[in-house]
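Residue-level listing of the chains:
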Amino acid sequence: QVRLVESGGGLVQAGGSLRLSCAGSGRTFSTYTMGWFRQAPGKEREFVAAVTWNSRIIDYADSVKGRSTISRENARNTVYLQMNSLQPEDTATYYCVADRRPDSTTALRTGKIVGYWGQGTQVTVSS
């Protein structure tokens, strides 16, 4: 069974940092574009970041650009999201995605994923 399992969420004070992880199983995602979305209570799901299969193209939402880093370790079938300078508006459930199109960072912005979604990990930033 194909799975994406997020971890690393939690409660952090404003200005703090978290590193989210997403571990895939059931198949290799080394040729997939990987990414992150988030959804806050009462808000629409929004794109956060994406990285192509070989990490040569990376895309960030304006809201996190400059303070977040997406990376992947294909040998571990894992993608990460390092988030710094967190603010209350970053509070959301963060979802990992795997898109079978190897070079689809731009396409992921639409939220239309050809592949898989994780179940999410909660990030709460206190003021």
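Refer to the structure printed above.
A. Here's a closer look at the overall build of the protein chain. Looking only at helices and strands, one finds one helix and eleven strands in the protein chain. Each helix and strand of the protein chain, ordered N terminal to C terminal, gives the series β-β-β-β-β-β-β-β-β-α-β-β. Expected size for 127 residues packed as a compact globule is a radius of gyration near 14 Å; at 13 Å, the protein chain falls within 12% of this value. Each principal axis of the C-alpha atoms in the protein chain carries an extent, and together these give about 40 × 25 × 25 Å. Within the span of the protein chain, comprising 127 residues, buried residues form 45% of the whole. Carbon together with sulfur atoms contributes 45% to the accessible area of the protein chain, which is approximately 6,600 Å² in total. Positive and negative side-chain charges in the protein chain, numbering 15 and 10 respectively, have mean positions lying 6 Å apart.

B. Focus on the pairing of strand β8 (residues 78-83). In terms of burial, β8 is a largely internal element, five of the six residues being buried. Bridge count between strand β7 (residues 68-73) and β8: six bridges; the pairing is antiparallel. From the neighbouring strand, E73 faces β8, where its bridge partner is T78. What sits between β7 and β8 in their antiparallel hairpin is a turn of four residues, with N77 showing a positive phi close to 55°.

C. The sheet that holds strand β3 (residues 18-25), seen in detail. A sheet is described by the order of its strands in space; here four strands give the open sequence β1-β3-β8-β7, paired in antiparallel fashion. One side of each edge strand has no neighbouring strand; the edge strands of this open sheet are β1 (3-7) and β7. Direction aside, neighbouring strands of the sheet carry axes that sit 15° apart on average. Two elements, β1 and β3, share five bridges in a ladder whose sense is antiparallel. Note that in β3 the partner of E6 across the bridge is C22.

D. Spotlight on the pattern of salt bridges. On inspection of all chains with the given rule, the structure shows five salt bridges. The shortest N-O distance in the salt bridge between R101 and D99 comes to 2.7 Å. Taken together, the shared-partner salt bridges in this structure form one network comprising R38, E46, R67 and D90.

E. Layout of the packing of aromatic side chains. By the definition in use, this model includes six aromatic pairs. Measuring from centroid to centroid gives 6.0 Å for F29 and Y116, while their planes differ by 80°, and the two rings are edge-to-face. Here F29, found in the loop between β3 and β4 (33-39), pairs with Y116, found in strand β10 (residues 115-117); they are 87 residues apart in sequence, far enough to count as distant. Its relative accessible area of 1% is what places F29 among the buried residues. Residue classification places Y116 among the partly exposed residues on the basis of a relative accessible area of 25%. Ring plane angle 75° and centroid distance 6.5 Å describe the contact between Y95 and W117, whose orientation is recorded as edge-to-face. Residue Y95 is located in strand β9 (residues 92-99), and its partner W117 is located in strand β10; the two are separated by 22 residues in the primary sequence. In this structure W117 comes out as partly exposed when scored by relative accessible area, which is 30%. Among the aromatic residues, those joined into a ring-pair cluster are F37, F47, Y95 and W117.

What counts and what doesn't
As a convention, each chain's residues are numbered from 1 in the sequence order in which they are written. Thresholds applied to this predicted model are a pLDDT of at least 70 for local features of residues and 80 or more for the giving and counting of side-chain atom pairs; totals over whole chains, interfaces and linings are not thresholded and use all residues. Excluding hydrogens and water, the side-chain values take into account all heavy atoms of the structure. Every helix listed is a DSSP run of H or I at least four residues long, and every strand listed is a run of E at least two residues long, numbered separately from the N terminus. For the radius of gyration, the atoms used are the C-alpha atoms, and the globule rule reads 2.2 Å times the number of residues raised to 0.38. The rule is simple: take the accessible area with a 1.4 Å probe, protein chains only, and divide by the maximum for that residue type; under 20% is buried, over 50% is exposed, in between is partly exposed. Computed with the Shrake-Rupley method and a 1.4 Å probe, the accessible areas treat only the protein chains shown as cover for residues. When charges are tallied, Lys and Arg are placed among the positive residues and Asp and Glu among the negative ones, while His and the ends of the chain are skipped. Charge placement uses NZ in Lys and CZ in Arg. For Asp and Glu, CG and CD serve respectively. Here, strands pair whenever DSSP counts at least two bridges between them. Geometry is summarised by axes, namely lines fitted to C-alpha atoms with helices restricted to the contacting stretch, and by angles between N-to-C directions that run from 0 to 180 degrees. For this document, the term salt bridge refers to a Lys or Arg side-chain nitrogen within 4 Å of an Asp or Glu carboxyl oxygen. Between rings of Phe, Tyr and Trp, where Trp is taken as its six-membered ring, a pair exists when centres lie within 6.5 Å; planes separated by under 30 degrees are stacked, by over 60 edge-to-face, and by other angles tilted.

None of the figures reported here should be taken as evidence of function without further support.
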